[in-house]
Amino acid sequence: MTGVSVTGEIDAPLPGPADFAAWRGQARRFLAAGLPPALVSWRVAGEAPGLFASAAPPETVAPLSASVPASVPRSFLEAAETAIRHRDPQRFALLYRLLWRLAHDEPGLMQVATDPDVLRLHAMAKSVRRDAHKMHAFVRFRCVEMADAPDEDSGADPVGAHYVAWFEPEHHILEAEAGFFIRRFAGLRWSILTPEASAHWDGATLRMGPGGTRREAPAEDAHEALWRAYYRSVFNPARLKPAAMRAEMPVKYWRNLPEAREIRGLIADAPRRTAEMLARGVSAPILRRQRPPPAAVQPTALPDVAETMPADLFSRVEDPAAALAALRAGLMGRNDLPPWTAASTQPVFGEGPLGAPLMFVGEQPGDEEDLAGRPFVGPAGRLFDRAAAEAGIDRSATYVTNAVKHFKFKPTGRRRLHQSPDAGDITYYRPFLKREIELVTPGLVVSLGATALRALTGKPLPITRVRGEMIEAPEGFRIFPTVHPSYLLRLPDPASKEREYARFVADLVAAREAADRLGS
Amino acid sequence: MELRRKLEILADAAKYDASCASSGTETRDSRQGGIGSTEGMGICHAYAPDGRCISLLKVLLTNACQFDCAYCINRASSQVPRARFTVRELVTLVLHFYRRNYIEGLFLSSGIIRSPDYTMEQITEVARQLREEHGFRGYIHLKTIPDAAPELLARAGQLADRLSINIELPQDASLRQLAPEKDGPGIRRAMAGLRLRIDEAREAGRGAGRAAPPRFAPAGQSTQMMVGADAADDRAVLGTSAGLYAAYGLRRVYYSAYSPIPDASRRLPPQAPPLLREHRLYQADWLLRFYDFELDEILAGGEGGMLDLALDPKLAWALKHRGRFPVDVNRAPREMLLRVPGLGARTVDRLLSTRRQRAIRTDDLARLRLPLAKLLPFLVTADRHPRAGLLDRTDLRQMLAPRAGLAAAARPRQMVLL
């Protein structure tokens, strides 16, 4: 960089109070010329120049040569573009000082969150963002009705109506934020007047104009009475927290908010209203109700365990489909369910035709099964479907169910972590499973995994030892044990995954063939 | 009835629903027609003196209701005056308010009239007219009636940004007692159904080459749970929320301190709302979701299944786990810094970024305007170590308990002589 010889401060006027492009161009030239921050006196054109400032020498205002190294972190540019709208007259100098430090020996400066200049930059940018956000929130339009405008109560946008707002932003944000109002009210004609400038949208183009006064905006709007009524009504006097309100809606904005004139009365009256509610206590119910509630949802006594289970198990039934439905309804209404079931969505029952040649029994519903209320629809279910198809099994002709009918899990953030059912859980649901088997009367029951096998046989058997061997249940039906498809999903390496998958398909083929033999 | 009177009744009837969020939906605007925009960030257009944000026009379509929920101002047996908006009236009101920039959109709920399906149809019709007849692009939050037909819920999801069903109470048993017509398992089944549809629409939206993915409640679903209306402790409340977040992908669980209503039921006498408890539950909820705290850890900060009312839950936890402190601000991993009382996630990220450049000293913390009195007993900086024995002092809790504001109200009142 070439140094320039200057004696006093250099006057650096910018065309507007928040003209980032102009500041950026000028700052790059100064930087290229090696002009230290202390020697630049920034101002907005129209403001008086610094007392000792002299016009910039030609080499600092000339067009830039291509060789200028002006790469700065993106985080600086983003913050600077926002911070330049701050009303602090020192903003241009601060930005140039940061640029200078970044370009000289502190390239990592932006990461030093505790550096005073960096802190100030972020504080300014934050203040500007907050001001913009409050402008989006607190601008209140008043409608100037045109004589020829159609009745607004049609709900349609009145043609010719002009929506005018008076707003007093803290920083130079009007032009930057006009886009928000264009996107929101593109089809309306509106103006926002501020002390410093005004923005006018006619439905097609934005025009920036000079500042105005409050008197130029309409003094009232017919809908403000409704809005104030709404504001009064949503307030809950029993929760009075005026400091929380003021933190988010600072008093300086109140004079331009029509609803703010209600605040004082609401606060003053709140203790009396609350005391009155508490003192009044309960009131008698009205005799004539709005309408009788539907009878079906009246609470009924829950069935007791001893009365209903399992006395009628393994008796002959006339209508197995109805009995299956009754079994389902019976489980939903029980009052002795394991306590963890309270966190589940619903019991998940079996699905498939009665008399299916093959019945598959899994462990318990998983996350997706719990949400959908159907068995075998999650990842393991999809893997099972694929394997069954490969094994030549007609999935729609099989019956699938689980040993345990509710999803047992532990919540972890946004997910539910599967938890294996314990011996007590298996025992609890066993009568339901047995009844289900009796009603479905499958040709062969295929148990998937250890839980199902335990539920079916009543004892803990190691799958590895009995896999693929036909077992006879105490009740007389036949069981074909294999692994649970979720075991395949958990295998870490692709090679063993592939090998075990092939073995699982082979088991399913064997089960199908066994069922064929049993059926013939 | 005059429109203003209706508005007063139906806004008053809706104010016990805490949710007023207008954030987290898709980006849209009116440059191609219609009116309104949503840009991700929610906007609170006003604040009431109860400190609550007013973002949406939050009203009931009608406060007539067949249900007789003891905690509700609109229960069938209450003596409140009843009113009902026509669909047209409400649609027009939303547009008038929106054009004047009073609101971000509409939050619509309703008492149950005739049948759940009829009620849901009426609610949905308001949203349909706004979207289809007036090209309304603002935010719409619809309260969903859990027993309504699935087709109606599907339609509601196409029109609304957010759907919500209130779980109402932390335990099904309390719901059976206080809201006999409501059905806890039915509410969870409906939430599960919404989750499946929301996920499905989101998945379809991610798929490449799809012109218009089926839209379904892009701002997700939320719920509300009342606190203090039944005997449930904080463990039950937070445990239920943790289950709901994990199961149904809720954006938010709102906690609402049971507040006295003008016409209270015999089954639930009026009482001052437990505002501080509500506040602590929100703090704990935040720690569970964003700070990797486990439910048992948070509750360990309090006693007997209740949070410590006098301290924020993170400070309460730290005071009971003093052996894990002090931690070195220049060395500790992110997860541990997040556990230091007084350090938020944003601050922690700034500290991590700074310490890669230079060692952090105590005056750096002061410059970041952090609450030093709360922080320093737990933190080692480049130039300072907590005084020996400070962390072992039995009165550290008294030293750190806040002396002003809401929390001070939880301290035992001192007797004064007249």
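The numbering scheme is per chain: residues are counted from 1 as the chain's sequence reads. Each chain takes a letter, starting from A, and each ligand takes a number, starting from 1, following the order in which they are written. Owing to the predicted nature of the model, reporting of local features is limited to residues with pLDDT of at least 70; listing and counting of side-chain atom pairs is limited to 80 or more, with chain, interface and lining totals taken over all residues. Side-chain numbers here rest on the full set of heavy atoms in the structure, without hydrogens or water.

Quick notes on the domain arrangement of chain B
Residues and elements named next belong to chain B. Each domain of chain B was delimited in the assignment, giving domain 1 (3–269) and domain 2 (300–408). The split of the chain into domains comes from an automatic or database domain assignment. Between the C-alpha centres of domain 1 and domain 2 the distance comes to 38 Å. Contacts between the two partners involve four residues from domain 1 and, on the opposite side, four residues from domain 2. Buried area: the sum, over both parts, of the accessible surface (1.4 Å probe) that disappears when the two are put together. Both faces considered, domain 1 and domain 2 share a buried interface measuring about 320 Å² in area, 58% of it formed by carbon and sulfur atoms. Should any heavy atoms of two residues lie within 4.5 Å, those residues are considered in contact.

So, the pattern of salt bridges
All names here are of chain A. What makes a salt bridge here is a side-chain nitrogen of Lys or Arg within 4 Å of a carboxyl oxygen of Asp or Glu, nothing more. As enumerated under the stated definition, the model contains 73 salt bridges over all chains in all. In this structure, arginine 255 engages glutamate 168 in a salt bridge whose closest nitrogen and oxygen atoms are separated by 3.2 Å. Residue arginine 255 is found in the loop between α7 (242–248) and α8 (263–280), and its partner glutamate 168 is found in the loop between β5 (162–166) and α5 (174–184); the two are separated by 87 residues along the sequence. The salt bridge involving glutamate 351 is made with arginine 374; its shortest N-O contact spans 2.8 Å. Taken together, the residues glutamate 351 in the loop between α10 (320–332) and β9 (358–362) and arginine 374 in the loop between α11 (367–372) and α12 (379–390) connect sequence positions 23 residues apart. In this structure glutamate 351 comes out as partly exposed when scored by relative accessible area, which is 30%. Only protein chains enter the calculation, and the probe is 1.4 Å; a residue is then buried if its accessible area is under 20% of its type maximum, exposed if over 50%, and partly exposed in between. Given a relative accessible area of 42%, arginine 374 falls into the partly exposed group. Only DSSP runs of H or I reaching four residues or more are called helices, and only runs of E reaching two or more are called strands; each is numbered from the N terminus.

Some words on the packing of helix α6 (residues 184–206) of chain B against helix α7 (residues 234–248) of chain B
Residue and element names in this part refer to chain B. Direction vectors running N to C along α6 and α7 enclose 35°, while the axes themselves pass 9 Å from each other. In this structure, α6 uses Arg188, Met191, Ala192 and Arg195 to contact α7, whose residues at the interface are Leu244, Ala246, Ala247 and Tyr248. Lys, Arg, Asp and Glu make up the charged group, whereas Ala, Val, Leu, Ile, Met, Phe, Trp, Tyr, Cys and Pro make up the nonpolar group; the residues left over, Gly among them, are polar. Grouping the constituent residues of the contact of α6 with α7 by class yields six nonpolar, no polar and two charged. The axes used here are C-alpha line fits, helices contributing only the stretch in contact, and every angle between their N-to-C directions lies in the interval 0 to 180 degrees.

What to know about the confidence of the model for chain A
Residue-level confidence of the predictor is summarised by pLDDT, bounded by 0 at the bottom and 100 at the top. Confidence in the prediction of chain A, expressed as mean pLDDT, is 88, and 87% of residues score 70 or more. Residue range residues 293–314 of chain A is modelled with pLDDT below 50. Its contacts to residues more than four positions away, or to other chains, number 28 contacts.

Quick look at the nonpolar core
One finds Trp190, Tyr230 and Met249 of chain A together with Leu57, Val59, Tyr71 and Phe97 of chain B to be the most contacted residues of the largest nonpolar core, which totals 170 residues. No other element matches the eight residues that helix α2 (residues 87–99) of chain B contributes to this core. Methionine 249 of chain A has contacts with Phe138, Tyr231, Trp254, Leu257 and Ile263 of chain A together with Ala46 and Tyr47 of chain B, leaving out every residue within four places of it along the chain. Residues Leu324, Ile437, Val446 and Ala455 of chain A belong to the second largest nonpolar core, which totals 54 residues. Among buried residues, the Ala, Val, Leu, Ile, Met, Phe, Trp, Tyr and Cys ones that are joined through side-chain atoms within 4.5 Å form a nonpolar core.

Some points on the interface of chain A and chain B
Contact with chain A, which involves 93 residues of that partner, is made by 97 residues of chain B. Summing both partners gives a buried area of about 8,400 Å² for chain A against chain B, and 57% of it is carried by carbon and sulfur. Looking only at chain A, the three residues that lose the most surface to chain B are Arg184, Tyr230 and Arg239 of chain A, adding up to 10% of its buried area. Between chain A and chain B we count seven salt bridges in total. With a closest N to O distance of 2.8 Å, aspartate 221 of chain A and arginine 100 of chain B form a salt bridge. What qualifies as a polar contact is a pair of N or O atoms within 3.5 Å, subject to a donor-acceptor requirement within protein and to the restriction that residues adjacent in sequence count only when both atoms come from side chains. Our count for the chain A to chain B interface comes out at 37 residue pairs in polar contact (both at pLDDT 80 or more). Listed by contribution, the elements that provide at least two residues to the side of chain A that touches chain B are α4 (116–138), α5, α6 (224–234), α7, α8, α11, β11 (409–412) and β12 (415–418) of chain A. Tallying contributions element by element places α6 of chain A first for the side of chain A that touches chain B, with nine residues. Among the residues making up the side of chain A that touches chain B, the classes are represented as 51 nonpolar, 18 polar and 24 charged.

So, the state of the cysteines
Residue and element names in this part refer to chain B. For the purposes of this analysis, a disulfide is any pair of cysteine sulfur atoms at a distance within 2.5 Å. Following the criterion strictly, the structure yields one disulfide over all chains and no others. The disulfide partner of cysteine 44 is cysteine 53, and the S-S distance across this bridge is 2.4 Å. In this structure the cystine formed by cysteine 44 and cysteine 53 twists about its S-S bond by roughly -95°; its chirality is therefore left-handed. Cysteine 72 provides the cysteine sulfur closest to cysteine 69, a residue in no disulfide bond, and the two sulfurs are 6.1 Å apart. Assessed through its relative accessible area of 24%, cysteine 72 is described here as partly exposed.

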